[in-house]
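Architecture and fold: a report
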Amino acid sequence: MPDLITHTAAAYLAGRYFLTAHNRVLLYMGVILPDILVRPFYIIFPAVYPYTVGIHTPFFMIIAVALATELFAPGIRKAAFTYLSLGVFFHFILDLLQKHISSGYYWLFPFSWQSFEIGLFWPHQTLPLIPLWIMLVIALEFFIQKYQRKH
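Residues numbered from 1 in each chain as written. Predicted model: local features only at pLDDT ≥ 70, side-chain atom pairs only at ≥ 80, totals over all residues. Heavy atoms only, no water.

Digging into the packing of aromatic side chains
Our working rule: The pairing test for Phe, Tyr and Trp rings, Trp by its six-membered ring, is centres within 6.5 Å, and the orientation test on the planes gives stacked under 30 degrees, edge-to-face over 60, and tilted for anything in between. Where helices and strands are cited, they refer to DSSP runs of H or I of at least four residues and of E of at least two residues respectively, numbered from the N terminus.
Scanning the entire structure with this criterion turns up four aromatic pairs. Each ring, one from Phe92 and one from Trp107, has its centre 5.4 Å from the other, and the planes form 85°; the classification is edge-to-face. Of the two residues, Phe92 sits in helix 4 (residues 77-96) while Trp107 sits in the loop between helix 4 and helix 5 (130-150), which places them 15 residues apart along the sequence. An aromatic cluster of three or more residues is present, and its members are Phe92, Tyr105 and Trp107.

Laid out in structure tokens, this is it:
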């Protein structure tokens, strides 16, 4: 899933009924964190991007989540770590479905440079579905709000 909207919409659909509003926000932050930390390099400094492949890995994201958790109040750090990590994990599960021409993601970096992916679709194939994702989320939220007003 190559875009933030797709990742966020999928996390919204997965967590809407099961998580509190605060925990959903943490899940959404976690689900976009790997791309937020890597994509600026790709956009601003394309020549540097190949050297940043280690950032978009579970090893680095555990460190990033642990550091990000320190920005939260001590009373909510455990929940912040849990739901940010859950979001990152969900992000990686979605990325696992992609296929790439040369190399994919290095799941076991720095212990292995082996790339693995399931290869169901190319990253760009989800871009035309962005309006559908947005409409689905809006429609679902509309029906949830309407149902909650009645009960």
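Overview of the layout of surface pockets
Gaps left between atoms are located by rolling a probe of water-molecule size over the structure's atoms. Condition: Only protein atoms enter the 1 Å grid used here, on which a cavity is any set of points holding a 1.4 Å probe that cannot leave and a pocket is any open set flanked by protein within 12 Å on both sides along at least five of seven lines; residues with an atom within 4 Å of a point are listed as lining. Grid points are joined across faces, edges and corners, and a volume is the space filled by probe spheres set on the points. Only Asp, Glu, Lys and Arg are considered charged in this grouping, and only Ala, Val, Leu, Ile, Met, Phe, Trp, Tyr, Cys and Pro are considered nonpolar; every other residue, Gly among them, is considered polar.
Considering only enclosed or pocket space, the largest pocket measures out at about 490 Å³ in volume. Looking at the largest pocket, it is lined by 18 residues, and the ones nearest its centre are Arg39, Tyr42, Tyr49, His100 and Tyr105. Classifying every residue of the lining of the largest pocket by side-chain character gives ten nonpolar, seven polar and one charged. When its volume is computed, the second largest pocket comes out at roughly 170 Å³.

Concerning helix 2 (residues 21-44)
Residue pairs three or four apart in sequence face the same way in an α-helix, which turns once every 3.6 residues. To keep it simple, the criterion reads: An expected span of 1.5 Å times one less than the residue number is assigned to each helix. To get the bend at a given residue, fit one axis to the seven residues ending there, fit another to the seven starting there, and take the angle between those axes. Type-normalised accessible area, obtained with a 1.4 Å probe on protein chains alone, sets the label of each residue: buried when under 20%, exposed when over 50%, and partly exposed for intermediate values. By the convention used here, residues are in contact when the closest approach between their heavy atoms is within 4.5 Å.
Between its first and last C-alpha, helix 2 extends 34 Å over 24 residues, near the 34 Å set by a 1.5 Å rise per residue. Of all the bends in helix 2, the greatest, near 45°, is centred on Ile32, and the proline Pro34 appears no more than four residues after it. Every buried residue belonging to helix 2 is among Asn23, Arg24, Leu26, Leu27, Tyr28, Gly30, Val31, Leu33, Pro34, Asp35 and Val38, and all of these are buried. Contact partners of the buried residues in helix 2: helix 1 (4-15), helix 3 (58-69) and helix 4.

Looking at the side chain of Thr52
Topologically, Thr52 is positioned in the loop between helix 2 and helix 3. The exposure class assigned to Thr52 is buried, which follows from its relative accessible area of 6%. Apart from residues no more than four positions distant in its own chain, Thr52 is found in contact with Val38 and Phe41.

A word on the packing of helix 2 against helix 3
Applied cut-off: Here an angle of 0 to 180 degrees is reported between the N-to-C directions of two axes, which are lines fitted to C-alpha atoms, with helices fitted over the stretch in contact. We call two directions roughly parallel when the angle between them is under 35 degrees, roughly antiparallel when it is over 145, roughly perpendicular when it lies between 65 and 115, and oblique otherwise.
Relative to each other, helix 2 and helix 3 sit at 100°, their axes nearing to 11 Å. Between helix 2 and helix 3, the angle is such that the two are roughly perpendicular. Contacts between helix 2 and helix 3 involve Leu33, Pro34 and Leu37 on the former and, on the latter, Phe60, Met61, Ala64 and Val65. Residues that form the contact of helix 2 with helix 3 fall into these classes: seven nonpolar, no polar and no charged.

Read these as spatial facts, not as claims about activity.
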